[in-house]
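# Inside the fold
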Amino acid sequence: MHVFVALADNQHQGIVPVPPALGNGSDPQRNLYWGAKFGVKTFFKSSEEWQLLFSGRGSKEAILDRCVFKNRNEDVYLVADAYQGSDIRSAVTDFLSAAAGISSENIRVKLNSVDVSIAAGGAADIVAYVGHDAFMDFQISPIAGTKGSKPRRTIILACASKAFFSPYIHQTGSEPLLSSGVTQKRPMRVT
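Right, let's walk through the structure included here. (Residues numbered from 1 in each chain as written. Predicted model: local features only at pLDDT ≥ 70, side-chain atom pairs only at ≥ 80, totals over all residues. Heavy atoms only, no water.)

## Considerations on the side chain of serine 97
Quick reminder of the rule: The helix count covers DSSP runs of H or I at least four residues long, the strand count covers runs of E at least two residues long, and both are numbered beginning at the N terminus. In this description, contact between two residues means that some pair of their heavy atoms is separated by no more than 4.5 Å.
Relative to the helices and strands, serine 97 resides in helix α2 (residues 88–99). Contact partners of serine 97, with chain neighbours within four places excluded, come to Ile102, Ser103 and Ile143.

## Observations regarding the packing of aromatic side chains
Basically, it comes down to this: Two aromatic rings from Phe, Tyr or Trp, using only the six-membered ring of Trp, form a pair when their centres are within 6.5 Å; if the ring planes differ by under 30 degrees the pair is stacked, by over 60 it is edge-to-face, and anything between is tilted. Buried means the residue's accessible area, taken with a 1.4 Å probe over protein chains only, is under 20% of the maximum for its type, while exposed means over 50%, and partly exposed covers the values in between. Criterion for a charge above a ring: Lys NZ or Arg CZ within 6 Å of the ring centre, and within 35 degrees of the ring normal.
Here the structure, examined in full by the defined rule, presents 11 aromatic pairs. Ring geometry for phenylalanine 95 and tyrosine 129: centres 5.9 Å apart, planes at 45°, overall tilted. Linking phenylalanine 95 in helix α2 with tyrosine 129 in strand β7 (residues 126–130), this pair joins segments that are 34 residues apart in sequence. Neither residue differs from the other here; phenylalanine 95 and tyrosine 129 are each classed as buried. Within the aromatic cluster, the residues linked to one another by ring pairs are Phe4, Tyr83, Phe95, Tyr129, Phe135, Phe138, Phe165 and Tyr168. Positioned above the aromatic ring of tyrosine 77, the side-chain terminus of lysine 70 is 5.7 Å from the ring centre. A cation over a ring is seen here: arginine 89 above phenylalanine 138, with NZ or CZ 4.1 Å from the ring centre.

## Some points on the pairing of strand β1 (residues 2–6)
Worth spelling out the cut-off: Note: two strands are recorded as paired if DSSP finds a minimum of 2 bridges between them.
Most of β1 is tucked away, with five of its five residues classed as buried. The alternating pattern of β1 places His2, Phe4 and Ala6 on one face and Val3 and Val5 on the opposite face, and all of these are buried. Bridge count for β1 against strand β4 (residues 77–83) is five bridges, and the pairing is parallel. Residue pairing for β4: phenylalanine 4 is matched across the bridge by aspartate 81. Inspection of the sheet shows β1 paired to β7 by four bridges, in the parallel sense. Within the sheet, the bridge partner assigned to histidine 2 lies in β7 and is valine 127.

## Some points on unusual backbone geometry
The phi torsion at serine 113 lies on the positive side, around 65°, for a residue other than glycine. Among the structural elements, serine 113 can be located in the loop between β5 (104–111) and β6 (114–121). Unusually for a residue other than glycine, alanine 160 sits at a positive phi of about 55°. The buried category is assigned to alanine 160, whose relative accessible area is 6%.

Geometry only, nothing functional implied.
Structure representation (structure tokens):
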């Protein structure tokens, strides 16, 4: 599984502002979606079911932190990338590219002194997006995928993601597993 996290960013995203430490899109360690109590990294790192194998910079400049976890009971790996909040467009584009089966990546980590190669990006079985629903603020060109022998599945944890992400997910040819149909009332941001 590969999770693309756009860090919450009070300054650069149309979110209802959160406390400054939680909404600093340049500080993954304290960010609402990454380092806070229920942020992706903190949640998996504190779980007894998951083992942290790697934490460090990601493969792109926009990725401030990358973690690789292994499930302690199953042969399942999770790669999670924390994208700079101001670079939410890259996080969404990379997520949709992975959902389309594009931009595959093999990540090497050590597990009990043995090198393990993990399929990530477009080669992952499941890709997920966590963060602000960017399509409330901007649009991108659709990213087309093809039906392959290996089904690609998506999870989107963002406000009103079902309505905003569905056309994009359909274009990728992936299968949506989970998205939100609920929206919060928030003031419209004018830029």
